[in-house]
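Architecture and fold: a report
Each chain is listed here by its residues.
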Amino acid sequence: MNGSVLFKASCVVAALLAPMVSQAASEQEALEACMQALTQNLAEQQGGEPVDYRSGSKAQFSKRRVSAPTTFYLDAFDPETYKVVARADCLVGSDAEVINLRALHLNAPGARMRMVRG
C-alpha cells in the first residue's frame, strides 16, 4: 500500500523513550525534535505535503534534562486506520538537535520491542 495514500493529513506518532539522565534540553523538547524530523521526512516522501502529528506516547515526559545523546524509538500510525506507516529510531543530543534519524522497514519490530532490545 502506498505510504502517500495513508498520509493525507495527519499521523499519530507513538514514541517510547530510552532511560535518560538530566541536563540541557528537556525530554519533551528532545522528543519534539525527533517527531518533527520524522514528520518532515514523511512530508518529503509525499512530495512536500505537510504532515500533522500528535504524540500517542503513554510515557510521561517531564521537564527533566537530557545530558547525553538519547534514542527515541518512533512508530507512526495512520490516524484513520491505525496501521503503522513508518518506523524510525532517532538519536538526539542534549541540545535537542537530531543527530541521526534512521528510517526502518515497516516489518521491523515495534518501538517497545526495539527499546527493550536497545
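Rules used throughout
Residues numbered from 1 in each chain as written. Predicted model: local features only at pLDDT ≥ 70, side-chain atom pairs only at ≥ 80, totals over all residues. Heavy atoms only, no water. Helix = DSSP H or I, 4+ residues; strand = E, 2+ residues; numbered from the N terminus. Contact = heavy atoms within 4.5 Å. Areas by Shrake-Rupley, 256 points an atom, 1.4 Å probe, with all protein chains shown as cover. Core = buried A, V, L, I, M, F, W, Y, C linked by side-chain atoms within 4.5 Å. Buried < 20%, exposed > 50% of the residue type's maximum accessible area, 1.4 Å probe, protein only. Expected span 1.5 Å × (residues − 1). Pairing = 2+ DSSP bridges.

Check the secondary structure of the protein and you find three helices and five strands. Listed N to C, the secondary structure of the protein is α-β-α-β-β-β-β-α in terms of helices and strands. The long-range fraction of contacts in the protein, counting pairs at least 24 apart against all pairs at least 6 apart in sequence, stands at 67%. With the model as given, the accessible surface of the protein reaches about 6700 Å², and the carbon-plus-sulfur share is 50%.

Let us now look at the nonpolar core. Among the nonpolar cores identified, the biggest contains 18 residues, and Cys 34, Leu 38, Leu 42, Phe 72, Leu 74, Ala 76 and Val 92 are the most heavily contacted of them. With eight residues, the top contributor of residues to this core is helix H2 (residues 27-45). Here Val 92 is in contact with Ala 30, Ala 33, Cys 34, Ala 68, Pro 69, Thr 70, Phe 72, Glu 97, Val 98 and Ile 99, once residues within four sequence places are set aside.

This part takes up H2. With 19 residues, H2 extends 27 Å between its outermost C-alpha atoms, agreeing within 8% with the 27 Å of an ideal straight helix rising 1.5 Å per residue. The complete set of buried residues in H2 reads Glu 27, Ala 30, Leu 31, Ala 33, Cys 34, Met 35, Ala 37, Leu 38, Thr 39, Leu 42 and Ala 43. Phi turns positive one or two residues past the end of H2, at Gly 47, with a value near 80 degrees.

This next bit is on the pairing of strand S4 (residues 84-92). The side chains of a regular strand alternate, residue by residue, between the two faces of the sheet. A large share of S4 lies buried, amounting to seven of its nine residues. Pairing of strand S3 (residues 70-77) with S4, which is carried by eight bridges, proceeds in the antiparallel orientation. Bridged to Ala 76 within S4 is Ala 86. Once S3 ends, the chain turns through six residues before running back antiparallel as S4, passing Tyr 82 with a positive phi of about 60 degrees.

Following the sequence through the fold, Cys 34 ends up in helix H2. Sequence-wise, Cys 34 and Leu 91 are 57 residues apart; in three dimensions their C-alpha atoms are separated by 7.9 Å. Not counting the four nearest positions on each side in its chain, Cys 34 is found in contact with Phe 72, Leu 74, Cys 90, Val 92 and Val 98.

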